[in-house]
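# A look at the structure
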Amino acid sequence: MTSIIKVDKLTKIFGRRPRQAINYLEENKSKEDILELTGMTVGVNQSSFEVQDGEVFVIMGLSGSGKSTLVRMLNRLIEPTSGEVWLDDENITDMDKEQLRQLRRKKMSMVFQNFALLPHKTIQKNAEYGLEIQKIDKEDRAQKAKDALELVGLGGYLDKYPSELSGGMQQRVGLARALANDPEILLMDEAFSALDPLIRKDMQDELMSLQQSVHKTIVFITHDLNEALRIGDRIALMKDGSIVQIGTAEEILMEPANDYVERFVEDVDLAKVLTAGHVMKRAESVSVDRGVNVALRLMKDSGISTIYVVDKKQKLLGYVTADQAAEASKEDKRLEDILTSDIPKVTSDTLLTDMFEPMTGDKAPLSVVDESDKLLGIVVRGSVIGALAGDNQVLNDNGGEVIDG
């Protein structure tokens, strides 16, 4: 993947003599020290990171950590004190007012915490609004707004007014308004935090589903760790204006950079974050046309009592035990005659919490397949227990030794 946004030592000082505060930052003085010495507040402290094209990059932290200030500097709603923001090969921090206006209209759209809908306009007209101020042709903007509203599941509400919609539906209108511009980048500042928990989860699902269709680059701000872990491809965790760690959900949870991050994530339910893809191991398999004796030999050589049976395209057909194969060998039966085909399967993105029930119903390890039923690996009980206990050696050990379930 290529980086679409590059941020280099981006800093924001609130106060009258920002240069003095920056000098103190370069001397590694803390936010509290600078406030006491100068009366100025460090909003963001020399933050550097890159956002990959098409990823959901989550910036999270507690209230006052600097996350909203940081995202607003990306499109210069807040002017940086120092540092640079690059979009592809354009330096946003050097743009004049007209260039910034075009950037915000065409390349970077923003979705705020408050829905900011115009109460006297219909949902259709609200979604059109950004295109209207760009003087886009009436028919063209109407069609683009309609398409965006259909994308977020509001195609049947075009003539409704904001007061006739629930909070979650109003937030979808705000999202559709941003999407109607067809921007390269969506900046979402605490976009779901005003919603009730159940509606919030629905909107998270909606965003992840939508991302499968539109493949936008999204910078998402939140103070909710579970939300960050759920939707973020990568997460930047902030404290006192500084980024203290950037990584995937797995890296943040299993390899915290310092004591602060460790305390931040200590109460996370790993079963609701880790997936089958994190804990699966290589599966020993045999092609169905290779025969019973080949299956027996492979099981003996690998020291296992169960082997998975696949077709020539690696599609999972079922499994055979050593006892079944030994008996079939005496009776000259084929693998397809004796395999157990009714077996539980999960995909690599299945959460551990959703795997407990299928794992208890079968003696063999749980099979992990893709959308075409191609065998990707297996999940054994020991790996799940190890992952939940915080043993990061069991994660992503796909090339490891097959453990008999």
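All figures in this text were calculated on a predicted structure; none of them were measured in a lab. (Residues numbered from 1 in each chain as written. Predicted model: local features only at pLDDT ≥ 70, side-chain atom pairs only at ≥ 80, totals over all residues. Heavy atoms only, no water.)

Looking only at helices and strands, the protein chain features 17 helices and 16 strands. Overall, the C-alpha framework of the protein chain stretches about 85 × 55 × 40 Å when taken along its three principal axes. In the protein chain, which comprises 405 residues, the share counted as buried stands at 48%. Residue pairs in contact within the protein chain that sit at least 24 positions apart in sequence constitute 66% of those at least 6 positions apart. Just so you have it, the protein chain exposes about 20,000 Å², and 45% of that area is on carbon and sulfur atoms. Charge separation in the protein chain, taken as the distance between the mean sites of 50 positive and 68 negative side-chain charges, equals 5 Å. (Helix = DSSP H or I, 4+ residues; strand = E, 2+ residues; numbered from the N terminus. Buried < 20%, exposed > 50% of the residue type's maximum accessible area, 1.4 Å probe, protein only. Contact = heavy atoms within 4.5 Å. Areas by Shrake-Rupley, 256 points an atom, 1.4 Å probe, with all protein chains shown as cover. Lys, Arg positive; Asp, Glu negative; His and termini not counted. Charge placed at Lys NZ, Arg CZ, Asp CG, Glu CD.)

What the rule picks out here adds up to 23 salt bridges. Here E55 makes a salt bridge to R234, at a shortest N to O gap of 2.7 Å. Here E55, found in the loop between β2 (41-52) and β3 (56-60), pairs with R234, found in strand β9 (residues 234-239); they are 179 residues apart in sequence, far enough to count as distant. Of the charged contacts, one joins K239 and D240 as a salt bridge, the two residues approaching to 3.1 Å between their closest N and O atoms. A residue is classified by how much of its surface remains accessible, and K239, at 31% relative accessible area, is partly exposed. Overall, D240 belongs to the partly exposed group, its relative accessible area being 29%. Here the salt bridges share partners, and the residues they tie into one network are K125, E128 and R141. (Salt bridge = Lys/Arg side-chain N within 4 Å of Asp/Glu carboxyl O.)

Moving on, we come to helix α5 (residues 123-132). For α5, the tally of buried residues reaches seven of 10 residues, placing the bulk of the element in the interior. Taken together, the buried positions of α5 are occupied by I123, Q124, N126, A127, E128, G130 and L131. Buried-residue contacts for α5 involve α6 (138-151) and α7 (167-180).

Here the focus is the packing of aromatic side chains. Applying the stated criterion to the full structure yields four aromatic pairs. Each ring, one from Y308 and one from Y319, has its centre 6.2 Å from the other, and the planes form 65°; the classification is edge-to-face. Remark: Y319 occurs in strand β13 (residues 316-321) and Y308 occurs in strand β12 (residues 306-310); sequence separation between them is 11 residues. Taken as a pair, Y308 and Y319 share a single burial class, namely buried. (Phe/Tyr/Trp six-rings, centres within 6.5 Å; stacked < 30°, edge-to-face > 60°.)

Moving on to the sheet that holds strand β14 (residues 345-346). Ordered by their spatial adjacency, three strands build an open sheet running β14-β15-β16, and the pairing between neighbours is mixed. Of all strands in the sheet, those bounded by a partner on one side alone are β14 and β16 (375-379). Where β14 lies against strand β15 (residues 366-369), two bridges are found, and the strand directions are parallel. What sits directly across from K345, in β15, is S367. (Pairing = 2+ DSSP bridges.)

With that settled, the discussion passes to the UniProt feature "domain: ABC transporter" (unreviewed entry) in the protein chain. The sites that UniProt annotates as "domain: ABC transporter" (unreviewed entry) are residues 29-265. Within the segment residues 29-265, helix and strand shares are 43% and 22% respectively, and the terminal C-alpha atoms sit 26 Å apart. (UniProt positions renumbered as here; feature names shortened; annotations may be inferred.)

This paragraph deals with the UniProt feature "domain: CBS" (unreviewed entry) in the protein chain. Per the UniProt entry, the sites bearing "domain: CBS" (unreviewed entry) are residues 279-335 in this numbering. As annotated, residues 279-335 comprises 39% helix and 25% strand, and the C-alpha atoms at either end are separated by 29 Å.

Time to look at the packing of helix α1 (residues 18-26) against helix α2 (residues 31-38). Relative orientation of the contacting elements α1 and α2 amounts to 140°, with a least axis distance of 10 Å. Considering the relative orientation of α1 and α2, their crossing is right-handed. Contacts from Q20, A21, Y24 and L25 in α1 reach I34, L37 and T38 in α2. Grouping the amino acids of the contact of α1 with α2 by side-chain chemistry returns five nonpolar, two polar and no charged. (Axes fitted to C-alpha atoms, helices over the stretch in contact; angles between N-to-C directions. Left-handed = near helix turned anticlockwise from the far one by under 90°. Nonpolar A, V, L, I, M, F, W, Y, C, P; charged D, E, K, R; others polar.)

The next thing to look at is the side chain of N91. Structurally, the position occupied by N91 is in strand β5 (residues 90-91). Judged by its relative accessible area of 11%, N91 falls in the buried class. Here T93 takes part through its side chain, which lies 2.3 Å from a polar atom of the side chain of N91. Not counting residues within four places of it along the chain, the set of residues in contact with N91 comprises E84, V85 and W86. (Polar contact = N/O pair within 3.5 Å; in protein donor to acceptor, adjacent residues only side chain to side chain.)

Moving on, we come to the nonpolar core. Here is a general trend for soluble globular proteins: nonpolar side chains tend to be buried in one another's company. Counting 64 residues, the largest nonpolar core has M188, M355 and V379 as the members making the most contacts within it. Per-element accounting of this core gives the leading share, seven residues, to α7. In terms of nonpolar packing, the next biggest core, distinct from the first, is built from 28 residues, F49, L70, L187 and I221 among them. (Core = buried A, V, L, I, M, F, W, Y, C linked by side-chain atoms within 4.5 Å.)

Bringing the pairing of β16 into the picture now. By the criterion of burial, β16 is predominantly enclosed, with four of the five residues buried. As judged from the four bridges shared by β15 and β16, these two strands associate in the antiparallel manner. Of the residues in β16, the one forming a bridge with V368 is G377. Between β15 and β16, which follow one another and run antiparallel, lie five residues, and D373 among them has a positive phi close to 70°.

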